[in-house]
Each structure stands twice: as C-alpha cells, then as structure tokens.
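Residues per chain are reported as follows:
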Amino acid sequence: MTNTSLKLSLLIGGLLCSGVANASQANKQWLTESEFISPIDVAHTGHKQVAVSEAHGIALLDEQGRALSIINSKSEHLDFRWLPNSKSLGVLSTLNKNTGNIELIKVDFKHNRIEKAYELLADKTAFDAICLASSSEHIELFTVDVDGIVSQMALNTANEADWQLSEIRHFAAGLNMKSCAVNDLTESLYIAEENIGVWQYSTNPELEIIRELFQLAEGLEVEYLDTTASGDVSVVSPSTNQLWLLDQNNHAFKPFELPKNIAPRTVQLQRSDKNLIAYIFDDETSKNIKINLGKHKLPLKKNNEQPIANLLPFAQTSPVASHGDAADDPEIWVNRVNPSNSLVYGTDKKSGLNVYDLNGNLVKALPVGRVNNVDIRYGVKFNGEVVDIAVASNRTNKSISLFKIDQKSGLPTLLTDIKTDLADPYGLCLGQYDNELAVWINDTDGRFQKYEIAFNKQKVAGQKTLEWTVPSQPEGCVSDDANRRLFYGEESTGVWLKDLKGKQPDKLITGLNEQVEADIEGMSLYRLNGKQYLVVSSQGNNRYAVYAVDNNNEFLGVFQVGANWASMIDGASETDGLAVTSSYLGEALPNGLLVVQDGHNVMPKSTQNFKLVDGSLLRDWILNKVDK
C-alpha cells in the first residue's frame, strides 16, 4: 500500500448515544457478548472498560459493565493507548465490519464519552490486522492488509479537532496474517500468521526489516494477539484450549492450559497486581469469559542500561539525488558577516557536492564526481585576496577537489583537482597551521597521506609530504589546528591521535566498547568554554560518542539523534559523516549546529539526507556530563 492509496477522512463527532433502555440486560450483553473487552485503570476515577462487538458496536463501560457512551458501529479488533502526556484521553483502534475501514476512537474518560475521530479508508484493499504502539511522545498505527503489506503510520493528536495520520514506512510480511500487537517496552511488533506462528519485527523504522519466527504447533490456527503495558504478550487459537504467553527470558511462547474447555478466538490481557487476567471470547458459546491466569512475573524490560539521550533534529536536508548508499559527509560553512546565512555542505558520493541552507533546502548542486568527504578552512591567501577554501576527496578521478568559496553567498566554485596516487580516495580533512594548508586524505586500503597545498597567483598545487598506514580501513579525521594534532578513525578499531609536532608516536586514544560499536565513521570538534570535545559517529549502534580531548580524552558517553515526531522528521541511523560547530549561527542557533548523515531516511521514505540538530542540545548534553 502506497501513500497515494491511503485515503484519510476525518469524521466530526460520530454516532454517539448515552445510556440504554434496559440497563441490566445491556450490561450483560456488553460483558458477555462482546468479542473484545479491555479493562483500563483510570487515574482518580477507578476502573473503566472499553468493549467492541460485532452485534452491539463500541462502548465505554464502567466497572460494573454499565454503558456510559456507545457508538453504533459493528466492529472487530480492539487496541488501546493513552494519548501522549494525558491521563484522561486515549485512542482505541477498531475495524468497521460494514465498511472495512479502520476507525480511531477518541476515549474521554473525564467526560465518559467516546467519539469517532479518524477513519482510514480501505482503498482497493482490505485490512486483516490492526494494532497501536506508543511512546511518551507519539502514537503509531500498524495495519496489515490482505496482500500482506504492513503499513506503519504516525498519529498526530496535538490538534484535538484535527487528528493527522502520516505513513512512516510499509513492507511485505506475507499472506494469511490474522492479528498484530506491539510491545512498547521492547519496541517489538508481533504478527500472527495462520497455521505458522508469530513473527516478530522491530518497530524502529531506522533499523533494517528483519523478522524472527516463534513457531507454534503445526497446523494450529493462530488467531489473535494482545499485549499489556507491562510487556506481556499472548496469543490464542480456537483450535485448542490453551493460551500462549511469551517467555521473554527464554524467547519462546509457552502454553498455558485454560481452566475451561473453550475455543478462544480473541484475547485481551490485563495486569492486576501480579496476577494476569485474560478476557477471552469463546468461539463455541459466543461468550466473553474472564479468566485469572494467576501470578506471573513481570517480563524483562528491553535492557538494564541507562536511557540514551535523544537530541532531536529541528530540520533535515532535501534528499540527495542518488539512490542507495549515497549521502556521506557534511561540513558547515560559517558566514561571519551574517551568521544566520551560514550553509551546510554535503557530499553525494555518487554524484557531487551539495550546498544547503540552515533549513535544509538545497541551494546548489555541483556534479563534480564521486566526492566522499568534505572539509573547510577560512582566511586563505589566494591570488591577491583572502578566501575560504573547501576540499573534497574525489573517487572519480582519484584526486583532491579544491573549491573557492564566495565570501558573500558561501557557494563554492571548483578551482582544480589535485591528483593523488591513491587507488580509492576515501576519508579527508583539512588542517591550517600558520601559513600552511594541509589536506589529510586516506584510502580504503589503510594508507593515510598528507598533501601540502600551495597557492601561486592563480595556480594551485599539492605535494605529498607524508604517508603512513593503519592496519585496517580508515575514514573520518579532524585536525585540531591550534594544538597541532590530528584525530583519525580506524573503522573497526577506534580513534587514533597523531602529534603533528612530531614529538609523540601515534596512539590509540579510544577503542570500541559496549556503547561504541564499529564502524567508527565521521568525527568533528565542538568547542565549549575553552575546551574541545570530539564527537564521533558510532555507526554500528546508531549512536554518537563524545570525548573530552583536553581532559585525557575522557569518554563522556553517547547520545542518539532521535525522531522529531511533532515535525515528522525521522532520526538518524547508520551515520557516515558528521560536522559540528559551536559558532553563533544567528538567534535560532546561538550555540552552533550539529549535522549528521542519515543512512535510512524514512519519514517519508526517500534517498539519504542529513539531519540538523540545534547546537544548544549538544552543549547542554556536554555540560550535564561535565558537571556530574
């Protein structure tokens, strides 16, 4: 299902009625005849229940089962989540049997009211499974259609009168999918496949789509899944008098014998103290039965590590023109006359060099070849004037591409290509030492070289003056010009320090650990309160490591660049290059800017791009670590 096939229609109000003619009879009907019943603990107002019935519709019930609010919509499926930062408003997802459309129901526990808030039309398809996911920031809707296509969508409820649904991604899961459920704690999506078992996916759209099968008994008609907020996961089948609970210690579904001889078609789970309660609809008697499954330990959480800080992007660049692994390394040109007009340079390693404004808009594209890394230095004397210079490693002609930057516009013009003897020019950075401009460039074979750049009137020349080799593939590097030192990465090993004063041999200042995983890719220096901090992309786990290089290279920790759900900007993953500056870039960015390459641009799905993060977030993160 594509974006264009999603027809979203907002319904004002809904078919709502309060009260019923025969209270006791209605109570019994809702509690015994509803295919889906989900108890909900509501702060300060006690227990409530939501019920979905093909025969009677959708209802909000009190603890005794009295209907407080009803929608006359013959429906199936039920999943519930609290709206972000709310203790009185929630959303219920269900499927209208008559129309085939998915209905999102706003549940107002304060006023004991339910109403249709959004409808997702079944356009040239039909839905087999629907479920919700949530975090403290947002809610997501997952659907599986009859063609086996899973769609993951973000629900924006900030405007209560105008909910919005936006697709994040879609992928193929296969046919004969019966239901789905999400464990929010482990960010896991479970999909039940008839006669096969349960498939597990990650709900994180930044990760590769990899699935794992929990196989159940052969020929079992796997029917329905449910989860609790505590992370319990269960599945039932009408062909056996059992319920399966996911043992997250042993990573397998374990059968639980039900106390009655029933054929369970649906299940809704509830935690009551340490007891696990199941509301099961019996296919034989067409009755909903409440079953106490006894005491069960709370499932294991995702991990025991401390939460990773999320620095949210405020903008993202236009996607690069090339498909596949294309965007690579950014750099920031600081406009010293008008800082808010500073620019971001970014490489498209299949096409050329791109230039973006601070809102991420493409300003200029230079098709100069397969440039991989880019760097900038300021105040270089050239042809009788003082200019800014950009350089990039160019794999098309095995050279260093050198650009002159216009002082007013910040836009680059190609001056020349300086040939190298490298077979595959890869990583690169610039250094400026008094009157010397040096390019540090490496090859995928492990060679590292230094080229000194000379300007003679209108001519530019480069001479190789140094070469060394690291044991495996290098890439990122950054020069600390003032202190005459070079930081460079060996992707599978860590970060090396080269003393450019020539007094000390190269040394590995940090390696890999539980928080920093290969590949070590981009790196840049952030200056704060007279100190420098090295920011490094830890590509293997989608994180960014920070080192206090003026304090014996102390490891401060890692952070992530997460999704900005309010602006529908996805986070960054599998980052190659990054750039950071603490320079003032206008009132909106008083503490500079962090730019990171995004290896999976998923909101919306497109070619790779770069994410822009307010430097104040990085500044505050560093200060929080340093002050502890």
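The rules behind each value
Residues numbered from 1 in each chain as written. Predicted model: local features only at pLDDT ≥ 70, side-chain atom pairs only at ≥ 80, totals over all residues. Heavy atoms only, no water. Helix = DSSP H or I, 4+ residues; strand = E, 2+ residues; numbered from the N terminus. Buried < 20%, exposed > 50% of the residue type's maximum accessible area, 1.4 Å probe, protein only. Lys, Arg positive; Asp, Glu negative; His and termini not counted. Charge placed at Lys NZ, Arg CZ, Asp CG, Glu CD. Pairing = 2+ DSSP bridges. Salt bridge = Lys/Arg side-chain N within 4 Å of Asp/Glu carboxyl O. pLDDT = per-residue confidence, 0-100. Contact = heavy atoms within 4.5 Å. Disulfide = S-S within 2.5 Å. Polar contact = N/O pair within 3.5 Å; in protein donor to acceptor, adjacent residues only side chain to side chain. Phe/Tyr/Trp six-rings, centres within 6.5 Å; stacked < 30°, edge-to-face > 60°. Lys NZ or Arg CZ within 6 Å of the ring centre and 35° of its normal.

Visitor: Please provide a residue-by-residue account of the overall build of the protein, values included.
Guide: Across its full length, the protein holds two helices and 50 strands. Principal axes of the C-alpha set define a box for the protein whose edges measure 95 × 45 × 45 Å. Expressed as a percentage of its 628 residues, the buried residues of the protein come to 57%. In the protein, 58 side chains carry a positive charge and 80 a negative one; their mean positions are 4 Å apart.

Visitor: Quick rundown of the pairing of strand β20 (residues 233-236)? Include the residues and the values.
Guide: The alternating pattern of β20 places Val 233 and Val 235 on one face and Ser 234 and Val 236 on the opposite face, and all of these are buried. The loop that links strand β19 (residues 224-227) with its antiparallel partner β20 comprises five residues; one of these, Gly 231, has a positive phi angle of about 105 degrees. The pairing of β20 with strand β21 (residues 242-247) spans three bridges and is antiparallel. Considered in β21, the bridge of Ser 234 is made with Leu 245. Here β20 hands over to β21 after five residues, the two strands then running antiparallel side by side.

Visitor: Talk me through the pattern of salt bridges; I want residue IDs and the actual numbers.
Guide: For the structure on display, the rule yields 32 salt bridges. Notably, a salt bridge pairs Lys 464 with Glu 467, separated by 3.3 Å at the nearest N-O pair. A residue is classified by how much of its surface remains accessible, and Glu 467, at 36% relative accessible area, is partly exposed. Asp 570 is paired through a salt bridge with Lys 611; the nearest N and O atoms lie 3.0 Å apart. Placement of Asp 570 in the loop between β47 (554-560) and β48 (578-581) and of Lys 611 in strand β50 (residues 609-614) is noted, with a sequence separation of 41 residues between them.

Visitor: Describe the confidence of the model for the protein, and please don't skip the residues or the numbers.
Guide: Here the protein shows a mean pLDDT of 91. Residues at 70 or above account for 94%. Contacts from residues 1-22, a stretch scored under 50 in pLDDT, to residues over four places away or in other chains number 53 contacts.

Visitor: Pulling in residues and values, what's your account of the state of the cysteines?
Guide: Tallied over the entire structure, the rule returns two disulfides. Each disulfide pairs two cysteine sulfurs, and for Cys 131 the partner residue is Cys 180, the sulfurs being separated by 2.2 Å. Residues Cys 131 and Cys 180 are joined through a disulfide that is left-handed, its torsion about the S-S bond being -115 degrees. Taken together, the positions of Cys 131 in strand β11 (residues 127-134) and Cys 180 in strand β15 (residues 177-183) put the pair 49 residues apart, joining distant regions of the chain. Here the protein pairs its bonded cysteines, counted in sequence order, in the arrangement 1-2, 3-4.

Visitor: Quick rundown of the side chain of Ser 69? Include the residues and the values.
Guide: Turning to its location among the elements, Ser 69 is positioned in strand β6 (residues 67-71). Among the residues examined, Ser 69 registers a relative accessible area of 0% and is labelled buried. Side-chain polar atoms of Ser 69 contact the backbone nitrogen of Ile 114, separated by 3.2 Å.

Visitor: Can you explain the packing of aromatic side chains? Please cite residues and give values.
Guide: Evaluation of the coordinates by the stated rule reveals 17 aromatic pairs. Note on Phe 382 and Phe 455: the rings are 5.4 Å apart at their centroids and 65 degrees apart in plane angle, and the pair reads as edge-to-face. Of this pair, Phe 382 sits in strand β32 (residues 371-382) while Phe 455 sits in strand β38 (residues 447-456), and the two are 73 residues apart along the sequence. Taking relative accessible area as the criterion, Phe 382 reaches 6% and is therefore assigned buried. Three or more aromatic residues joined by ring pairs make a cluster, and in this case those are Trp 440, Phe 448, Trp 468, Tyr 488 and Trp 496. In this arrangement the basic side chain of Arg 211 is found over the ring face of Trp 199, its NZ or CZ atom lying 3.6 Å from the centre. The ring of Trp 468 has Lys 498 lying over it, and the distance from NZ or CZ to the ring centre is 3.9 Å.

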